[in-house]
Amino acid sequence: MVTRGFTGRRPARPDAERLPPGQYLTEDFPVLQLGPTPKIDLARWRFTLREGSKPLKSWSWAEFEALPRTRWKGDIHCVTKWSKFDTAWEGVTIDDLLAAAGIAAPTAYLLAEGYDDYTTNVPVADLTGAKAMVATRYAGEPIPPDHGGPARLLVPHLYFWKSAKWVKGLRFTQKDEAGFWELRGYHMVGDPWREQRFTGD
Amino acid sequence: MALTWQEARITAAAPETARVRRLTLAVGWSRPFRAGQHVDVRLTAPDGYQAQRSYSIASSPMQAETIDLLIERLDDGEVSGFFSDVAEPGDAIELRGPIGGAFVWDSGAGGPLLLVGGGSGVVPLLSMLRHRAEAAPGVPALLLYSARTRGEVIARDELMRRDAEEPEFRLRLALTRETGGRRIDADTIGEALAALGTPAHAFVCGANPFVSAIADLLVEAGLPPRTIRTERFGG
């Protein structure tokens, strides 16, 4: 349906090709979160892999910082329509986490859990194979608290609500269990290139 | 339930402030929205190019068949410029919603209810206040609203009237660029909490730095973080 009088402002071609449908480019780094930024004491921070309620492996901050590190640079896409190009992150890939824990993923699904009680579900296949990391640095610096520091999940090929801020662990689940936003009408997968914003998209 | 795009006709348009325009849209929703929710709008150019944005709903969920959006003209705004300068009653746009299940207040949730808005961040809070007045006027509520000038206060007459007429509603304006004006600080928050009582729910909406500062102040004032919901715009 053509909107009377709307001409729009198209991004230049190289940018346009990097923008998933319905997205626009921002130079800022907007902040979206449910509530206040939690205060996290690194001395008490832990990151834990669980299967259901059973802990599989847990790291302190110092132990986590000693794990193999990977850098990733690329584009991120928020379901609220903004995309940001060439973001630079550093952290520990999910492959390296599993290897350090000495395990294979026990199930095909998991919920990422945050220190603010946020949860989001991601299939393991969307995390392994160098597709995701637990990031601890952004643009060469520790991640600012408003952007999810000290550690956040980074799953850049899915809408950014899947990249849980202040992540405290990954909980493997038998089936694909909806997380916070997924329970509230947002898509279970969230692929920006298929514009999977909401249930049924 | 899938959220499908629907054609929504603009039934009325009027200036709200010098920078904010109120648009009323006819929607054919089968169920009411919840105060605090937003809609996505989609505009299409003749060559098929599309732009989408999200806007909070300002009207009460009890307003039947139409919703009000209050759209602030942004410098260089691709979509807000269209709504400010081009859109007129009779035009149709594409819309889907209602969207969002976290920044919402239902009358059954009770109070006290603390609302803190910066600039056009007051819009979803207006929906909550309007809903409260109709459905739960006994719930104590306080709106702490930061705007640059008196003229930029959205729904000023209505808010002043509610403050005067509704026994359980209090308005606190913080006008940052008026003589004698001030920003919201720890003292302002302390005064608001003393007047309202400990809020069961706090909602904070505005630009990112505003929301970060207010959310931190509320936590420092002793509010449990999980009682505070935030919504930010910008970017």
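Note that the coordinates shown come from a computational prediction; the quantities given were computed from them, not determined experimentally. (Residues numbered from 1 in each chain as written. Chains lettered and ligands numbered in written order. Predicted model: local features only at pLDDT ≥ 70, side-chain atom pairs only at ≥ 80, totals over all residues. Heavy atoms only, no water.)

### Points about the overall build of chain B
Consideration 1: A count of helices and strands for chain B gives five helices and 11 strands.
Consideration 2: Over its C-alpha atoms chain B spans a radius of gyration of 18 Å, differing by no more than 12% from the 18 Å that the globule rule assigns to 235 residues.
Consideration 3: Once the C-alpha set of chain B is aligned to its principal axes, its extents read approximately 55 × 40 × 30 Å.
Consideration 4: Looking at chain B residue by residue over its 235 residues, the buried ones come to 56%.
Consideration 5: Considering only contacts in chain B between residues 6 or more positions apart, those separated by 24 or more positions represent 72%.
Consideration 6: Accessible area for chain B stands at about 9500 Å²; split by element, carbon and sulfur atoms hold 49% of it.
Consideration 7: Each charge class in chain B can be summarised by its mean position, and for the 25 positive and 30 negative side chains these summaries are 3 Å apart. (Helix = DSSP H or I, 4+ residues; strand = E, 2+ residues; numbered from the N terminus. Rg over C-alpha atoms; globule rule 2.2 N^0.38 Å. Buried < 20%, exposed > 50% of the residue type's maximum accessible area, 1.4 Å probe, protein only. Contact = heavy atoms within 4.5 Å. Areas by Shrake-Rupley, 256 points an atom, 1.4 Å probe, with all protein chains shown as cover. Lys, Arg positive; Asp, Glu negative; His and termini not counted. Charge placed at Lys NZ, Arg CZ, Asp CG, Glu CD.)

### So, the layout of surface pockets
One water molecule sets the probe size; rolling that probe over the atoms shows where empty space is left.
Consideration 1: In this structure, the second largest pocket occupies an estimated 370 Å³ of space.
Consideration 2: A:Y115, A:D116, A:D117, B:P225 and B:R226 are the residues nearest the centre of the second largest pocket, which is lined by 17 residues in total.
Consideration 3: Broken down by class, the residue content of the lining of the second largest pocket amounts to 10 nonpolar, two polar and five charged. (1 Å grid on protein atoms, 1.4 Å probe; cavity = no way out; pocket = protein on both sides within 12 Å on 5 of 7 lines; lining within 4 Å. Points joined across faces, edges and corners; volume = space filled by probe spheres on them. Nonpolar A, V, L, I, M, F, W, Y, C, P; charged D, E, K, R; others polar.)

### With respect to the interface of chain A and chain B
Consideration 1: Contact residues are listed per partner, giving 36 residues for chain A and 46 residues for chain B.
Consideration 2: Of the roughly 3400 Å² buried where chain A meets chain B, counting both sides, 51% is carbon and sulfur surface.
Consideration 3: Viewed at the interface, chain B and chain A are joined by six salt bridges.
Consideration 4: On inspection of chain A and its partner chain B, the count reaches 18 residue pairs in polar contact (both at pLDDT 80 or more). (Buried area = accessible area lost by both parts, 1.4 Å probe. Salt bridge = Lys/Arg side-chain N within 4 Å of Asp/Glu carboxyl O. Polar contact = N/O pair within 3.5 Å; in protein donor to acceptor, adjacent residues only side chain to side chain.)

### Focus: the pattern of salt bridges
Consideration 1: Across all of its chains, the model carries 30 salt bridges over all chains by this definition.
Consideration 2: For A:R10, the salt bridge is made with B:D47, and the minimal N-O distance between the two is 2.9 Å. Taken as a pair, A:R10 in the segment before α1 (13-18) and B:D47 in the loop between β3 (38-44) and β4 (50-56) lie in two separate chains rather than in one.
Consideration 3: The class for B:D47 is exposed, based on a relative accessible area of 52%.

### Focus on the UniProt feature "domain: Oxidoreductase molybdopterin-binding" (unreviewed entry) in chain A
Consideration 1: In this structure's numbering, the residues bearing the UniProt feature "domain: Oxidoreductase molybdopterin-binding" (unreviewed entry) are residues 35-181 of chain A.
Consideration 2: Between the first and last C-alpha atoms of residues 35-181 of chain A the distance is 14 Å; the span itself is 9% helix and 42% strand. (UniProt positions renumbered as here; feature names shortened; annotations may be inferred.)

### Remarks on the environment of A:K39
Residues and elements named next belong to chain A.
Consideration 1: Mapped onto the fold, K39 is located in the loop between β1 (24-25) and β2 (46-51).
Consideration 2: Accessibility expressed as a relative area gives 62% for K39, which makes it exposed.
Consideration 3: For the pair K39 and D28, spaced 11 residues apart in sequence, the C-alpha separation works out to 24 Å.

### Regarding the UniProt feature "domain: FAD-binding FR-type" (unreviewed entry) in chain B
Consideration 1: As recorded in UniProt, the feature "domain: FAD-binding FR-type" (unreviewed entry) lies at residues 3-105 of chain B.
Consideration 2: Helix makes up 8% of residues 3-105 of chain B and strand 45%, whereas the separation of the span's terminal C-alpha atoms amounts to 21 Å.

### Let's talk about the side chain of A:T26
Consideration 1: Tracing the sequence through the fold places A:T26 in the loop between β1 and β2.
Consideration 2: A distance of 3.1 Å separates a polar side-chain atom of A:T26 from the backbone nitrogen of A:D28.

### Some words on the pairing of strand β3 (residues 54-60) of chain A
Regular strands show a simple pattern: their side chains alternate between the two faces of the sheet.
Consideration 1: Relative to β3(A), β2(A) is paired through six bridges, and the arrangement is antiparallel. In the sheet register, A:R50 faces β3(A), and the bridge partner there is A:P55. (Pairing = 2+ DSSP bridges.)

### Focus: the domain arrangement of chain B
Residue and element names in this part refer to chain B.
Consideration 1: Each domain of chain B was delimited in the assignment, giving domain 1 (6-99) and domain 2 (107-233).
Consideration 2: Put simply, the middle of domain 1 and the middle of domain 2, counted by C-alpha atoms, are 24 Å apart.
Consideration 3: Contacts between the two partners involve 16 residues from domain 1, matched on the other side by 17 residues from domain 2.
Consideration 4: Each partner contributes to the roughly 1300 Å² buried at the junction of domain 1 and domain 2, and carbon and sulfur atoms together form 60% of this total. (Domains from an automatic or database assignment.)

### Describing helix α1 (residues 78-85) of chain B
Consideration 1: Within α1(B), seven of the eight residues are buried, which leaves the element mostly enclosed by the surrounding structure.
Consideration 2: Every buried residue belonging to α1(B) is among B:E78, B:V79, B:S80, B:G81, B:F82, B:F83 and B:S84, and all of these are buried.

### A short note on the sheet that holds β3(B)
Backbone-to-backbone hydrogen bonds pair the strands of a sheet. The strands run either parallel or antiparallel.
Residues and elements named next belong to chain B.
Consideration 1: On the basis of which strands lie adjacent, the open sheet formed by six strands has the order β4-β3-β6-β1-β2-β5 and antiparallel pairing. Whereas interior strands pair on both sides, the edge strands pair on one side only; in this sheet they are β4 and β5 (66-72). Across this sheet, the average inter-strand angle for adjacent strands is 40 degrees, counted without regard to direction. (Axes fitted to C-alpha atoms, helices over the stretch in contact; angles between N-to-C directions.)

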